[in-house]
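Notes for the structure review
Chain residues, written in single-letter form:
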Amino acid sequence: MEPEEERYPKIAYFFAASLAVIVAAGAYYGYNLRAHARAEVKAHITTWFEGPRLMTELMMERYGPPDDITPGVATWYERGHWKRITVRGEARESYLEQTVGYRPRPEAISSLRDFNHGVRLDAAREELTAASNREALNFLALNVANEVATGRRSAKDAQEFFLKTAKLASSGKSSPYLDNLQFERYVRTPQRSREIGF
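Residues numbered from 1 in each chain as written. Predicted model: local features only at pLDDT ≥ 70, side-chain atom pairs only at ≥ 80, totals over all residues. Heavy atoms only, no water.

Some words on the nonpolar core
Counting residues in each nonpolar core, the largest one holds 43 residues, and the members touching the most others are Met59, Trp76, Trp82, Phe115, Leu128, Leu140 and Leu142. Top element by residues in this core is helix α4 (residues 135–149). It accounts for nine residues. (Core = buried A, V, L, I, M, F, W, Y, C linked by side-chain atoms within 4.5 Å. Buried < 20%, exposed > 50% of the residue type's maximum accessible area, 1.4 Å probe, protein only. Helix = DSSP H or I, 4+ residues; strand = E, 2+ residues; numbered from the N terminus.)

This is how it looks when you write it as structure tokens:
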């Protein structure tokens, strides 16, 4: 019979090796599952217009396969910065919609509606959505819309700043407004969801 001091290291090694095998198998299974899902999505979107088809492939590279795909629409939920990402396969323009949780001051709602660069506020659902053909432009639109809502920019100033920064983006230049959200997203609590009926 082995002494205890020799047996325990062997047991620990056995469990560590078993755990490594389980983790590797899980990673391999997950990789195959994602690859299969990507292949299914690509087969589904072959008839889409080129812009949204390529955008769906790009979103899969960034965020994984969509959570839901129906004829003409691919949707991701709670990925990266986004509460929801939607690609519309039958749209030629503004086919990429990206949504964040957002709750503006009531007096800011009319100002937000004056800033119309693809931004849509759903006050009931506490969501702000930007729609364009590029994720960078959606970041820009949401960031500028937030500055309108918080009073940092007038609607006129926001329009001018948006067009100037979008032009920089088209020439390959960068800006924090194009790369990330410059404000904190609103996250609805379960209690708040019950209060407003969602």
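Focus: the pattern of salt bridges
This model, assessed by the stated rule, comprises eleven salt bridges. Put simply, aspartate 67 and arginine 79 hold a salt bridge, and the shortest N to O gap is 2.6 Å. Of this pair, aspartate 67 sits in the loop between α2 (50–63) and β1 (68–70) while arginine 79 is found in strand β2 (residues 73–79), placing the two residues twelve residues apart along the sequence. Judged by its relative accessible area of 42%, aspartate 67 is partly exposed. Given the relative accessible area of 17%, arginine 79 is considered buried. Salt-bridge contacts for lysine 83 lead to glutamate 127; the nearest nitrogen and oxygen are separated by 3.0 Å. Taken together, the residues lysine 83 in strand β3 (residues 82–88) and glutamate 127 in strand β6 (residues 127–132) connect sequence positions 44 residues apart. (Salt bridge = Lys/Arg side-chain N within 4 Å of Asp/Glu carboxyl O.)

Considering α4
Residues separated by three or four positions in an α-helix point in the same direction, a consequence of the helix having 3.6 residues per turn. The end-to-end C-alpha distance of α4 is 21 Å, a good match for the 21 Å that 15 residues give at a rise of 1.5 Å each. With 14 of 15 residues buried, α4 lies mostly within the body of the structure. Within two residues after α4, glycine 151 carries a phi angle of roughly 85°, on the positive side. (Expected span 1.5 Å × (residues − 1).)

Quick word on the packing of aromatic side chains
For any pair of aromatic rings, the description rests on two quantities: the centre-to-centre distance and the angle between the ring planes. Overall, the coordinates contain four aromatic pairs when judged by the stated rule. Ring geometry for tyrosine 102 and phenylalanine 183: centres 5.6 Å apart, planes at 80°, overall edge-to-face. Here tyrosine 102, found in the loop between β4 (96–101) and α3 (109–114), pairs with phenylalanine 183, found in the loop between α6 (176–179) and α7 (190–196); they are 81 residues apart in sequence, far enough to count as distant. When the ring centre of phenylalanine 49 is taken as origin, the NZ or CZ atom of arginine 92, which lies over that ring, is 3.9 Å away. Sitting over the face of the ring of phenylalanine 161, arginine 153 holds its NZ or CZ atom 3.8 Å from the ring centroid. (Phe/Tyr/Trp six-rings, centres within 6.5 Å; stacked < 30°, edge-to-face > 60°. Lys NZ or Arg CZ within 6 Å of the ring centre and 35° of its normal.)

Topic: α2
With 14 residues, α2 ought to run about 20 Å at 1.5 Å a step, and its terminal C-alpha atoms sit 20 Å apart, in line with that. Residues Pro52, Met55, Thr56, Met59, Met60 and Tyr63 constitute the buried set of α2. The arc that holds every buried residue of α2, seen down its axis, measures 145°, which confines them to one face. Of the exposed residues in α2, the ones pointing more than 90 degrees away from its buried face are Glu50 and Glu61. Count one or two residues on from α2 and you reach glycine 64, which has phi positive near 85°. (Arc of directions from axis to C-beta.)

Shape descriptors only; they carry no functional weight alone.
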